[in-house]
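Here are the chains, one letter per residue:
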Amino acid sequence: MPSLHTSDKQVADILDHERKRQAHGMELIPSENYASQAVMEATGSIFTNKYSEGYPGKRYYGGQEYVDQVEQLAIDRAKKLFNVDHVNVQPYSGSPANTAVYFGLLEYGDTIMGLKLDHGGHITHGLPISFSGKSFECTGYEVDKETGMLNMDAIRELALKTKPKLIIAGYTAYPRKIDWKAFKEIADEVGAITMADIAHIAGLIAGEAHKSPVPYFDVITTTTHKTLRGPRGAMIMCKKKFAKSIDRAVFPGLQGGPHDNTTAAKAVAFGEALQPSFKEYAHQVVKNAHTLAERLLEHGFNLVSGGTDNHLILADLTNKDIPGKVAQEALDKAGITLNKNTVPFDPRSPFDPSGIRMGTPAITTRGMKEPEMKQVADFINDALNNHTDDDYLANIKNKVKDLCSNFPVPGIDN
Ligand code: DSN
C-alpha cells in the first residue's frame, strides 16, 4: 500500500498491525475467512468511483457499460454456482438482504418463525429488539434441550399453532446439518413462504459438502464473505415468481446505489468457488471441524449437540468453570481468536455467556489439515487450563505464531 503509507501513515500503520494480527494469529471465528488477493483487488478497484442505481440494462445514470458487464457476470456465476432461477447481488450485507426479503414478501405485522437468537439464530430472524422483531409477529423455535438439535416435530407443532407467513431456516451457531425438505413440508402444511439464510454454510453448499436448500426453498439469502470466501456483502437467490418483488425491495425499496466494487469482487469470488479446488476446500473445512471437535471432546469439553457436521463448534464451558468471556479474553492473549457465545438455555447473559463458538473456515484457507486441528485443540485446552497465567498464555501465543508461519494467509507475507 505505497500510496497509503505516504498519504496517511496513521491509517497505514493500523492496517499494518491488523495484517500482522491476521497473519500471526489463529482465526477461529466461524463467520470469518481470508479473501483471496484477487477478491481484495476487485474490492479496492476503480468501481469504487461509480454509481449505478437500477439493474443491468436499466440504470438511472450514464456510463454503465462496464458496471452492467460485471454485475451480469456476478449474477450468471452465482446462478451457476447455486443452480437458482434468480439472483440479486446488490444487498450490502446479510441483515439488509434479510430485511429486503421481509420488505418484499411480507406486510408489517405478519408472523415469521425463526430459530431464537440464543439458540443459534440471527438478530434479523425475529429478535424482539431488532427491526425484524419490531415489525413482525415473531414466533421463535428452539433446539431440543436434550440433544441440542432441531426437533422437526416441535417445529411443526409451533408452525401449526402460530401459522407463520414465513419460515426461516439457517443459523449462526448451529453445528448440525439442516433438513431442508422437512422444513418445506411444514411450510406447505401451513402455507408459509420458506427462507433459507445460508450465510454461514454457503461455501459448504457451493462446494457440495452440504445439501442445498435450492430444490425446496423459495428464497435464499447469504453473505458472501464467510465460508464463501468473497468480499463483505450479500445476495438474495429466489424462485422466478419472487424475482420482481425481491428486486424492487432491494432497489428502490431499501437501497440506493449498489457497491459496484463489491459486486466485481463477488464475481471474482463466485468464479473461484466454481473451481474444483473449492470443493476440496469445503470438504476440508468440515473434516477439520470434525477433528477439532473430537480432540476437544477428548479434553473433556462439553460440545452443544455432541459435535459438529459443519464448520462450527459451540462449547458450553460450564463444566470447565470458565465463563465464555473469560475464555475469549484468555485465548486472545494466546493468539487464538474466537467469540464468546450463548449456548441453548443459557442461564448467563449474552454479554457474559456460558460458551464459546469456533470454526475452521479461515484456518482451512491457510491450508491447515487434521494434524494441525489436534494442535489447535491442545492449545485451546492448555490456554483455558492456565487462563490466569499471562506468561503461560504468551508462551502459547509464540507456539501459535510458529505454527501459523508455516501456513501463510493468501495475499499476506508472514
Ligand atoms: N456476525 C455473524 C456471525 O458472526 O455469525 C452473523 O451475522
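The structure contained in this document is the topic of the report that follows. (Residues numbered from 1 in each chain as written. Predicted model: local features only at pLDDT ≥ 70, side-chain atom pairs only at ≥ 80, totals over all residues. Heavy atoms only, no water.)

**Focus on the sheet that holds strand β5 (residues 111–113)**
Phase 1: The seven strands are arranged β4-β10-β9-β8-β7-β5-β6 in an open sheet whose pairing can be described as mixed. Each of the sheet's edge strands pairs with one partner strand only, and the pair in question is β4 (86–88) and β6 (137–138).
Phase 2: Each of β7 (166–169) and β8 (193–197) is contacted by helix α8 (residues 180–190), which is oriented at about 170° to β7, the strand it contacts most.
Phase 3: Across the sheet, helix α10 (residues 243–254) is in contact with β4, β9 (219–223) and β10 (234–238); its angle to β4 comes to roughly 5°. (Pairing = 2+ DSSP bridges. Helix = DSSP H or I, 4+ residues; strand = E, 2+ residues; numbered from the N terminus. Contact = heavy atoms within 4.5 Å. Axes fitted to C-alpha atoms, helices over the stretch in contact; angles between N-to-C directions.)

**Thoughts on the site of the ligand**
Phase 1: Residues in contact with the ligand, as listed here, are Ser 31, His 122, Thr 172, His 200, Lys 226 and Arg 357.
Phase 2: Between an oxygen atom of the ligand and a side-chain N or O atom of Ser 31, the distance comes to 2.7 Å.
Phase 3: In the model, an oxygen atom of the ligand is placed 2.7 Å from a nitrogen or oxygen of the His 200 side chain.
Phase 4: The residue inventory of the shell around the ligand, partitioned by class, reads no nonpolar, four polar and two charged. (Near = heavy atom within 4 Å. Polar contact = N/O pair within 3.5 Å; in protein donor to acceptor, adjacent residues only side chain to side chain. Nonpolar A, V, L, I, M, F, W, Y, C, P; charged D, E, K, R; others polar.)

**Some points on the packing of helix α5 (residues 94–105) against α10**
Phase 1: Running from N to C, α5 and α10 cross one another at 110°; their axes reach a closest spacing of 8 Å. Between α5 and α10, the angle is such that the two are roughly perpendicular. In this structure, α5 meets α10 at a crossing whose hand is right-handed. Across from Pro 96, Thr 99, Ala 100, Val 101, Phe 103, Gly 104 and Leu 105 in α5, the residues of α10 making contact are Ser 245, Ile 246, Ala 249, Val 250, Gly 253 and Leu 254.
Phase 2: Taken together, the residues that form the contact of α5 with α10 break down as nine nonpolar, four polar and no charged. (Parallel < 35°, antiparallel > 145°, perpendicular 65-115°, else oblique. Left-handed = near helix turned anticlockwise from the far one by under 90°.)

**Some points on the pairing of β8**
Phase 1: In terms of residue burial, β8 counts as a mostly covered element, since five of its five residues are buried.
Phase 2: Across the two faces of β8 the burial is the same, with Ile 193, Met 195 and Asp 197 and Thr 194 and Ala 196 all buried.
Phase 3: The sheet contact formed by β7 and β8 spans four bridges and is parallel. The partner of Ile 167 across the bridge, within β8, is Thr 194.
Phase 4: For the crossover from β7 across α8 to β8, the handedness is right-handed.
Phase 5: The sheet contact formed by β8 and β9 spans three bridges and is parallel. Looking at β9, one finds that Asp 197 is bridged to Thr 221. (Buried < 20%, exposed > 50% of the residue type's maximum accessible area, 1.4 Å probe, protein only. Right-handed = clockwise from strand over helix to strand, strands pointing away.)

**Notes on the packing of aromatic side chains**
Phase 1: All chains considered together, the criterion is met by 10 aromatic pairs.
Phase 2: Seen from their ring centres, Tyr 102 and Phe 136 are 5.6 Å apart, and the 70° between their planes marks the pair as edge-to-face. Of the two residues, Tyr 102 sits in helix α5 while Phe 136 sits in the loop between α6 (131–135) and β6, which places them 34 residues apart along the sequence. Residue Tyr 102 shares its accessibility class with Phe 136, and that shared class is buried.
Phase 3: With a centroid separation of 6.4 Å and 90° between ring planes, the pair formed by Tyr 141 and Tyr 171 is classed as edge-to-face. Here Tyr 141 is found in the loop between β6 and α7 (152–162), whereas its partner Tyr 171 is found in the loop between β7 and α8, with 30 residues between them in sequence.
Phase 4: Taking the relative accessible area as the measure of exposure, Tyr 141 reaches 2% and is therefore buried. (Phe/Tyr/Trp six-rings, centres within 6.5 Å; stacked < 30°, edge-to-face > 60°.)

**Comments concerning a nonpolar patch on the surface**
Phase 1: Taken together, the side chains of Phe 103, Tyr 108, Phe 131 and Leu 254 make up a nonpolar region of the molecular surface, amounting to roughly 410 Å² of accessible area.
Phase 2: Mapped onto the elements of the fold, Tyr 108 is located in the loop between α5 and β5. (Patch = residues over 30% accessible without salt bridge, like charges linked within 9 Å, V, L, I, M, F, W, Y side chains within 5 Å. Areas by Shrake-Rupley, 256 points an atom, 1.4 Å probe, with all protein chains shown as cover. Salt bridge = Lys/Arg side-chain N within 4 Å of Asp/Glu carboxyl O.)

**As for unusual backbone geometry**
Phase 1: The linkage connecting Phe 251 with the following residue, Pro 252, adopts the cis geometry, with an omega of 5°.
Phase 2: Looking at where Pro 252 falls in the secondary structure, it is placed in helix α10.
Phase 3: Within the chain, Asn 83 stands out as a residue other than glycine whose phi angle is a positive 60°.
Phase 4: Inspection of the secondary structure puts Asn 83 in the loop between α4 (65–82) and β4.
Phase 5: Even without a glycine there, the phi angle at Phe 345 is positive, about 60°.
Phase 6: Inspection of the secondary structure puts Phe 345 in the loop between β14 (339–341) and β15 (355–359).
Phase 7: Residue classification places Phe 345 among the partly exposed residues on the basis of a relative accessible area of 32%.

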